[in-house]
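Fold and geometry: a report
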Number of protein chains: 2
Amino acid sequence: MTTIRVLVESDLRATVGLGEQELDAIEAVYPLISAGVGSMPPIMRIDVPESNGEIDIKSAYLPGHSGIAVKVSAGFFDNPARGLPSLGGLMMVFDAETGIPRSALFDNGYLTDLRTGLAGAVAARNLAREDASVAAIVGAGAQARYQLEALTLVRPIELAKIWARNRERAERYAAEMAERLGLEVVAVSSLDSAVAESDVVVTTTPSTEPLIEQSMLHPGLHVTAVGSDAEMKQEIAVDALARADRFVCDSIAQSSRLGELRAVLASGLDMSVVELGQVITGEEPGRVSDDDITVCDLTGTGAQDTAIASLAVERCDLSGAGITIET
Amino acid sequence: MTTIRVLVESDLRATVGLGEQELDAIEAVYPLISAGVGSMPPIMRIDVPESNGEIDIKSAYLPGHSGIAVKVSAGFFDNPARGLPSLGGLMMVFDAETGIPRSALFDNGYLTDLRTGLAGAVAARNLAREDASVAAIVGAGAQARYQLEALTLVRPIELAKIWARNRERAERYAAEMAERLGLEVVAVSSLDSAVAESDVVVTTTPSTEPLIEQSMLHPGLHVTAVGSDAEMKQEIAVDALARADRFVCDSIAQSSRLGELRAVLASGLDMSVVELGQVITGEEPGRVSDDDITVCDLTGTGAQDTAIASLAVERCDLSGAGITIET
């Protein structure tokens, strides 16, 4: 007999968000990943070709965390034609000391959106200029919203320029986020000039063609790429990465398979790459001058899932949120 | 917004059991595995050395099945010292057409016990002599109980001999199962003579040393090994496997890493091995004479989990069992 706390999206939205504690919890995982502490196996993937779908499973054990999250993400790309969202999933949390199931989190992807947004803030906090005040956001979906709001936690953002293939979505984003954040947010038609006029750029697209070209870079720029999480995706041109003074990945192992590093390796170019955890601890330098160009590739790790889910379940245990079930 | 059916062990015990339909559902997966139909990635494993524990994740997509199960099994071997069971886990079921979460199954391991028992019956149905009436069961735990009951579904078992390291547990097993099944069930002190006098043997132990030696084999015998599911485990001596007329695995890929086949490969011996699915379809011969010695190694597959969980969720959708949650 075990007591399971069952949490749904509204419980989780009321419990964890884009806050300082959440940011610190996410930042703390990267040094553990880079030190090889704990256990984070490669992503498990189940292909469902008949439905144009796939299920991905991420997990990690991290010492010092109360839980071990197992996250199941589904991407079924024929769903929109049926009026259903293409992405979905849930997390399960197991007690890190006993392995006993503690909680089922039916979050509809909220925790993934949140921890991904927070990862963007961690990247900016460690790599962008301290005085970065102008941001360019590439893409106008849910993650583009999280990324901009997360940036405001760590840098004095005053102006955000939104570029998306669909101009109408960019306009809607600008209106919505200007109101929500009390910033100047504008939809722009030229990605080139948006990047040229920005201190920090975040790309949030499923693009399979590079969007950020070498010619767009300028001294002082920081770029975070959060879109690529699959073999065919790429947001940043290899020569742009080569031009950067510092290229940082959340996980070199994952980025070599699924992230921007994959294209670098395929190109045969010899490029220095370090992990975000090494920059956070100071083991490797990050930005060393205001004129450096820095790039961070975030593929998203099971360690982040374990960190955010552990925090959420601890808080819900205290507040009594959700319902409990006796197995 | 998604509706999730939450099921606990009692719901599942009332819904699926050692029955003909369940047996057929499990038997149907092996030809799919052997044909490489669907998608069954290797087991994902998260080590938790600080707690002497590990979490294993199995999953499979099988065409023609309504669900995709993701099973998380935890084995934390310091738990008994805290008065907690060392094994636990749960399953999640996702819609195979849309990837949308359908059900959370807090089964306390029941479905794994059940599908493992059924796999033993599938092995016996395809490999043991038709007239097998005497069974030897090695081990006296939960799975030893499932295996004997499952055997009675497919062969005219009249007498079962139980051998376990702990004689007292074997005696308790014998008394309990004799009453439950209406058979003669006796605890025995000699494994050698139990095997010598049996038509079918099922080993259900976590042994790391072979229990079944070549000298114990006799014409007509069938042995099913269900215990080995990890690198260090072994129930059958390699020379006993070499002596068998037919050596069959549920999954050659898994058995080479975690099952009896691992020791064979380590020994360097060249041995013919086929998959259970190939025997079921007739692509490879199974038992061709009443005097053949046959061995089947079952490591347990995500495909079985998907089959039993899909069946359970379909039935619970019809009966309305469990509770539903709106995410």
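Residues numbered from 1 in each chain as written. Chains lettered and ligands numbered in written order. Predicted model: local features only at pLDDT ≥ 70, side-chain atom pairs only at ≥ 80, totals over all residues.

1. Comments concerning the overall build of chain A
Tallying secondary structure elements over chain A gives 12 helices and 15 strands in all. In summary, chain A has a C-alpha radius of gyration of 19 Å against a globular reference of 20 Å for 327 residues, a match within 12%. Here the C-alpha coordinates of chain A stretch approximately 60 × 45 × 40 Å along the principal axes. Taken over 327 residues, chain A has a buried fraction of 57%. Long-range contacts, defined here as pairs at least 24 residues apart, represent 72% of the contacts in chain A between residues at least 6 apart. (Helix = DSSP H or I, 4+ residues; strand = E, 2+ residues; numbered from the N terminus. Rg over C-alpha atoms; globule rule 2.2 N^0.38 Å. Buried ≥ 20, exposed ≤ 12 C-beta atoms within 10 Å, placed from the backbone. Contact = placed C-beta atoms within 7 Å.)

2. Considerations on the interface of chain B and chain A
Of the residues lining the interface, 43 residues belong to chain B; the matching set on chain A comes to 43 residues. At the level of elements, strand S1 (3–8), strand S2 (44–48), strand S3 (53–60), strand S4 (67–76), strand S5 (87–95) and strand S6 (101–106) of chain B are the ones that each hand at least two residues to the side of chain B that touches chain A. Ranked by residues supplied to the side of chain B that touches chain A, first place goes to S4(B) with 6 residues.

3. Section: the relation of the copies chain B and chain A
Overlaying chain B with chain A gives an RMSD of 0.0 Å, the required rotation being 180° about an axis along which the chain moves by 0.0 Å. Here the transformation between the copies is reduced to the relation of a two-fold axis. Measuring from the rotation axis to each C-alpha of chain B, the shortest distance belongs to Met44(B), at 3.3 Å. A shared binding surface is used by both copies, with 100% of the interface residues of chain B retained as interface residues in chain A. (Least-squares fit on C-alpha atoms with pLDDT ≥ 70 in both.)

4. Considering unusual backbone geometry
When glycine is set aside, most residues are seen to have a negative phi, and most peptide bonds are trans. In this structure, Asn108(A) is a non-glycine residue whose phi angle is positive, near 50°. Along the polypeptide, Asn108(A) turns up in the loop between strand S6 (101–106) and helix H4 (110–127). Of note in this structure, Asn52(B) is not a glycine but carries a positive phi near 50°. As for its position among the elements, Asn52(B) is in the loop between S2 and S3.

5. Focus: the sheet that holds strand S5 (residues 87–95) of chain A
All names here are of chain A. Ordered by their spatial adjacency, 7 strands build an open sheet running S2-S3-S4-S5-S6-S1-S15, and the pairing between neighbours is mixed. On the outer flanks of this sheet lie strand S2 (44–48) and strand S15 (323–326), each paired with one strand and no other. Each strand axis lies, on average, 20° off the axis of its neighbour in the sheet, ignoring direction. Here helix H12 (residues 302–319) sits on the sheet in contact with strand S1 (3–8), strand S3 (53–60), strand S4 (67–76), S5 and S6, set at roughly 115° to S4. (Pairing = 2+ DSSP bridges. Axes fitted to C-alpha atoms, helices over the stretch in contact; angles between N-to-C directions.)

6. Focus on the nonpolar core
Of all hydrophobic cores here, the largest spans 221 residues; its most connected members are Leu105(A), Ile162(A), Leu105(B) and Ile162(B). Leave out the neighbours within four places in its chain, and Ile162(B) touches Ile137(B), Ala140(B), Ala170(B), Tyr173(B), Ala174(B), Val185(B), Val186(B), Ala187(B) and Val188(B). (Core = buried A, V, L, I, M, F, W, Y, C linked by C-beta atoms within 7 Å.)

7. Digging into the environment of Met91(B)
All names here are of chain B. Mapped onto the secondary structure, Met 91 falls in strand S5. The spacing of Met 91 and Glu 275 is 184 residues in sequence and 26 Å in space, taken between C-alpha atoms. Each residue touching Met 91, except ones within four places of it in the same chain, is listed here: Ala 69, Val 70, Lys 71, Leu 105, Asp 107, Leu 111, Asp 305 and Ala 309.

8. Brief notes about the sheet that holds S5(B)
Residues and elements named next belong to chain B. Ordered in space as S2-S3-S4-S5-S6-S1-S15, the 7 strands form an open sheet in which the pairing is mixed. The open sheet terminates on both sides in strands that have one partner only, identified here as S2 and strand S15 (323–326). Taken over all neighbouring pairs, the strand axes of this sheet differ in orientation by 20° on average, direction set aside. Sitting on the sheet, helix H12 (residues 302–319) is in contact with S1, S3, S4, S5 and S6, with an inclination near 115° to S4.

9. So, the pairing of strand S14 (residues 294–297) of chain A
Residue and element names in this part refer to chain A. Of the two faces of S14, the one holding Thr 294 and Cys 296 and the one holding Val 295 and Asp 297 are both buried throughout. Across 4 bridges, the pairing between strand S11 (residues 222–225) and S14 is parallel. Paired with Thr 224 across the strands is Cys 296, a residue of S14. Sheet topology note: the strand S12 (residues 246–249)/S14 ladder contains 4 bridges and is parallel. Bridge pairing in S14 links Phe 247 to Val 295.

10. Some thoughts on helix H5 (residues 142–154) of chain B
Note: α-helices contain 3.6 residues per turn, so residues at a spacing of three or four share the same orientation. Residue and element names in this part refer to chain B. H5 sits mainly inside the fold: 10 of its 13 residues count as buried. Within H5, burial applies to Gln 143, Ala 144, Arg 145, Tyr 146, Gln 147, Leu 148, Glu 149, Ala 150, Leu 151 and Val 154. Residues of H5 that are buried make contact with helix H4 (110–127), strand S7 (134–138), strand S8 (159–163), helix H6 (167–181) and strand S10 (200–203).

11. Points about the packing of H4(B) against H12(B)
Residues and elements named next belong to chain B. Packing of H4 against H12 brings their axes to within 10 Å, and their N-to-C directions diverge by 115°. Classified by the angle between their axes, H4 and H12 sit roughly perpendicular to one another. Read as a crossing pair, H4 and H12 show a hand that is right-handed. Two secondary-structure elements touch here, H4 through Leu 111, Leu 114, Arg 115 and Ala 119 and H12 through Gln 304, Asp 305, Ile 308, Ala 309 and Ala 312. Along the lines of polarity and charge, the residues of the contact of H4 with H12 split into 6 nonpolar, 1 polar and 2 charged. (Parallel < 35°, antiparallel > 145°, perpendicular 65-115°, else oblique. Left-handed = near helix turned anticlockwise from the far one by under 90°. Nonpolar A, V, L, I, M, F, W, Y, C, P; charged D, E, K, R; others polar.)

12. Considering the domain arrangement of chain A
Residues and elements named next belong to chain A. Domains assigned within chain A are domain 1 (3–111 + 303–326) and domain 2 (126–301). A straight line from the C-alpha centre of domain 1 to that of domain 2 covers 24 Å. Tallying the contact residues gives 13 residues for domain 1 and 13 residues for domain 2. For the side of domain 1 that touches domain 2, the secondary structure elements donating two or more residues are helix H2 (20–27), helix H3 (29–35), S3 and H12. No other element matches the 5 residues that H3 contributes to the side of domain 1 that touches domain 2. Residues that form the side of domain 1 that touches domain 2 fall into these classes: 9 nonpolar, 2 polar and 2 charged. (Domains from an automatic or database assignment.)

13. A short note on the packing of H4(A) against helix H5 (residues 142–154) of chain A
In helix packing, the relevant descriptors are the interaxial angle and the interaxial distance, both defined with respect to the helix axes. Residue and element names in this part refer to chain A. Two numbers describe how H4 lies on H5: the axes approach to 8 Å, and their chain directions differ by 40°. Relative to H5, H4 is oriented oblique. H4 and H5 meet at a crossing whose hand is right-handed. Contacts between H4 and H5 involve Asp 113, Leu 114, Thr 116, Gly 117, Leu 118, Gly 120, Ala 121, Ala 124 and Arg 125 on the former and, on the latter, Ala 142, Gln 143, Tyr 146, Gln 147, Glu 149, Ala 150, Leu 151, Leu 153 and Val 154. Each residue belonging to the contact of H4 with H5 can be placed in one class, and the counts come to 10 nonpolar, 5 polar and 3 charged.

14. Some points on the environment of Ala28(A)
Mapped onto the secondary structure, Ala28(A) falls in the loop between H2 and H3. Sequence-wise, Ala28(A) and Val154(A) are 126 residues apart; in three dimensions their C-alpha atoms are separated by 16 Å.

15. Side note on the pairing of S11(A)
All names here are of chain A. Burial along S11 is two-sided: His 222 and Thr 224 facing one way and Val 223 and Ala 225 facing the other are all buried. As paired strands, strand S10 (residues 200–203) and S11 are joined by 4 bridges and run parallel to one another. If you follow Val 200 over to S11, its bridge partner there is His 222.

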